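Working through the structure, step by step
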Amino acid sequence: MTTSNNTREPDAPTTTSYVYFVAIQFFRNGGLGFTNCEIPLAAKVTGLADIQMLEKHFRSEGFDSALVMGYNLLRTEQVRR
């Protein structure tokens, strides 16, 4: 960004957001359901602990017994803090 006297202002700090496509299976009303979504994360998914964190998140959102069936990194985004 440039000010009126043509001096450059410092850029705002940014952080990286990793946007994943996540497919889950869950139970609802005695039946099995499937859904998918995009979810932004502050760090890359690198292991089982990250998957368990996602499952815990979906369960807290009302998807009973949510299990991650698959995931894929769609994109990374620079987000202003």
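Computed from a predicted model, the values in this text were never measured in an experiment.

With that settled, consider the overall build of the protein. In terms of helices and strands, the protein carries one helix and three strands. In the protein, the order of α-helices and β-strands from amino to carboxyl end is β-β-α-β. Residue burial in the protein is summarised as follows: out of 81 residues, 22% are buried. Sequence-distant contacts, at least 24 apart, represent 58% of the contacts inside the protein between residues at least 6 apart.

With that settled, the discussion passes to the pattern of salt bridges. Applying the stated rule across the entire model yields two salt bridges. With its nearest N and O atoms 2.9 Å apart, the salt bridge here joins Glu38 to Arg75. Residue Glu38 is located in strand S2 (residues 31-41), and its partner Arg75 is located in strand S3 (residues 64-80); the two are separated by 37 residues in the primary sequence. The exposure class of Arg75 is partly exposed, given its relative accessible area of 34%. One salt bridge in this structure joins Glu77 and Arg75, with 2.8 Å as the shortest N-O distance. For Glu77, a relative accessible area of 31% translates into the label partly exposed. Here the salt bridges do not stand alone but share partners, grouping Glu38, Arg75 and Glu77 into one network.

Criteria and thresholds
- Residues numbered from 1 in each chain as written.
- Predicted model: local features only at pLDDT ≥ 70, side-chain atom pairs only at ≥ 80, totals over all residues.
- Heavy atoms only, no water.
- Helix = DSSP H or I, 4+ residues; strand = E, 2+ residues; numbered from the N terminus.
- Buried < 20%, exposed > 50% of the residue type's maximum accessible area, 1.4 Å probe, protein only.
- Contact = heavy atoms within 4.5 Å.
- Salt bridge = Lys/Arg side-chain N within 4 Å of Asp/Glu carboxyl O.

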